[in-house]
Amino acid sequence: MENKNAIEVKSVRRCFGSLTAVEDLSFEVDKGEIFGLLGPNGAGKTTTINLMLGLLAPQQGKVLVLGYDVATQTRQVYHRVGYVPQDTNLYQDLSAEENLWHHAALYCQDLKVAGERMQELLNFTSLWQRRKDPVRNFSGGMKRRLALARALLHDPDIIFFDEPTLGVDVQGRFALWEHIQLQREAGKTFVISTNNMTEADTLCDRLLIIDHGRAVALNTPENLKADMRYDVVSIRTSPPVTEPQSFLSSFPVQNISRPQPDELRFEMQGAETRVASLIQAVSRDYQLSSILIARPSLDDVFLFHTGRALRE
Ligand SMILES: Nc1ncnc2c1ncn2[C@@H]1O[C@H](COP(=O)(O)OP(=O)(O)OP(=O)(O)O)[C@@H](O)[C@H]1O
Ligand SMILES: [Mg+2]
């Protein structure tokens, strides 16, 4: 049985005791896309990945992976998915190569093919020269790359990558994004979780924003930004505006902040049509040093959908 979608999540719920980690969650992942689960800490991203992998059973609803119900047809799915968990679970005292051989023994039918693929993947992730070193000597980025190589070793169709670049430096981040993109071009489907906006924006084809275990938005990063009904305005004045709330009260603004002593940043509906009267109002009492109007970033989209309250 084959399916046009890589994954279908249907009205899934998962609780831990009295805590509801995932509630009435439904979405589909297309074959060949990089699908991002984006949400604050504790939103339910890892729980959702575990539900898709069949590592956790839903208490309601079901998950189909490549058309198979992961709860009852685990065998059919098992070899066709790869997983890089949030906490890279490599054997620290084994070398990179030994970690991969261990995985091959568990997941690969043909060890000769696995050996060839291992060489290919160690080269692909720039770890060939370090293949004999124990993993405990690896940097965070190298461990993530090795974990990706391991997840790809048995040539799965779908790879779940929980927080691909958490704690990885800029160079390592770019390398991992490139590896994921190249594998996608070779036909793989990726489901990643992240709370890094650049990663979500540049890497993912579509994003599901989750908050408190529920889906709050699903679209391409471009459409999520385009759907925002306000612009972001920044003004710098001399002297600084003393009472921003009352000063801007005649404009439809919200979320006023002061990133610099002389700068006010706020969201304003229809900024283009109001910019002239805003400049006029500011210039009556202050010297306007600069005014910037921008479309919302993915950060703004994220805060709009998930709020500003701290989590956990
Ligand atoms: N095995 C478990 N037992 C009890 N509670 C759990 C368990 N796993 C997750 N939770 C709780 O479920 C909620 C969702 O957790 P989850 O790990 O899925 O979030 P997350 O979005 O991956 O967060 P983070 O960004 O911190 O990784 C949290 O409140 C968490 O404490
Ligand atoms: Mg997580």
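In this report, the structure presented in the accompanying data block is examined. Just so we're clear, the structure is a prediction, and the values are computed from it rather than from any experiment.

1. Some words on the site of ligand 1
Consideration 1: Taken together, 13 residues are adjacent to ligand 1, and Phe16, Ala21, Lys45, Thr46 and Thr47 come closest.
Consideration 2: Listed by contribution, the elements that provide at least two residues to the shell around ligand 1 are strand E2 (19-30) and helix H1 (45-53).
Consideration 3: By residue number, the principal contributor to the shell around ligand 1 is H1, which donates three residues.
Consideration 4: Each residue belonging to the shell around ligand 1 can be placed in one class, and the counts come to four nonpolar, eight polar and one charged.

2. A few points about the environment of Lys132
Consideration 1: Considering the arrangement of structural elements, one finds Lys132 in the loop between helix H4 (111-124) and helix H5 (140-152).
Consideration 2: Once residues lying within four places of it in the same chain are set aside, the contact partners of Lys132 are Ser95 and Glu97.

3. Thoughts on helix H11 (residues 298-306)
Consideration 1: Listed as buried for H11 are Leu298, Asp300, Val301, Phe302, Phe304 and Thr306.
Consideration 2: Considering only its buried residues, H11 is in contact with strand E3 (34-38), helix H7 (197-203), strand E9 (206-211), strand E10 (214-219), helix H8 (221-226) and strand E11 (231-238).
Consideration 3: Directly after H11, the chain includes Gly307, whose backbone phi takes a positive value near 80°.

4. Concerning unusual backbone geometry
Consideration 1: The peptide bond linking Ser238 to Pro239 adopts the cis configuration, its omega dihedral lying at -10°.
Consideration 2: Among the structural elements, Pro239 can be located in the loop between E11 and helix H9 (244-247).
Consideration 3: The backbone phi angle of Glu163 is positive, close to 55°, even though this residue is not glycine.
Consideration 4: Its place among the elements puts Glu163 in the loop between strand E7 (158-162) and helix H6 (170-185).

5. Points about the sheet that holds strand E13 (residues 263-268)
What links the strands of a sheet is backbone hydrogen bonding, and the strands pair in either a parallel or an antiparallel sense.
Consideration 1: Spatially, E12-E13-E11-E14 is the arrangement adopted by the four strands of the open sheet, whose pairing is antiparallel. Each edge of the open sheet carries a strand with a single partner, namely strand E12 (253-257) and strand E14 (287-294). Strand after strand, the sheet turns through a mean of 20° between neighbouring axes, direction not considered.
Consideration 2: Contacts from helix H10 (residues 271-285) reach E11, E13 and E14, with the element oriented near 165° to E14.

Cut-offs used in this document
Residues numbered from 1 in each chain as written. Chains lettered and ligands numbered in written order. Predicted model: local features only at pLDDT ≥ 70, side-chain atom pairs only at ≥ 80, totals over all residues. Near = placed C-beta within 6 Å. Helix = DSSP H or I, 4+ residues; strand = E, 2+ residues; numbered from the N terminus. Nonpolar A, V, L, I, M, F, W, Y, C, P; charged D, E, K, R; others polar. Contact = placed C-beta atoms within 7 Å. Buried ≥ 20, exposed ≤ 12 C-beta atoms within 10 Å, placed from the backbone. Pairing = 2+ DSSP bridges. Axes fitted to C-alpha atoms, helices over the stretch in contact; angles between N-to-C directions.

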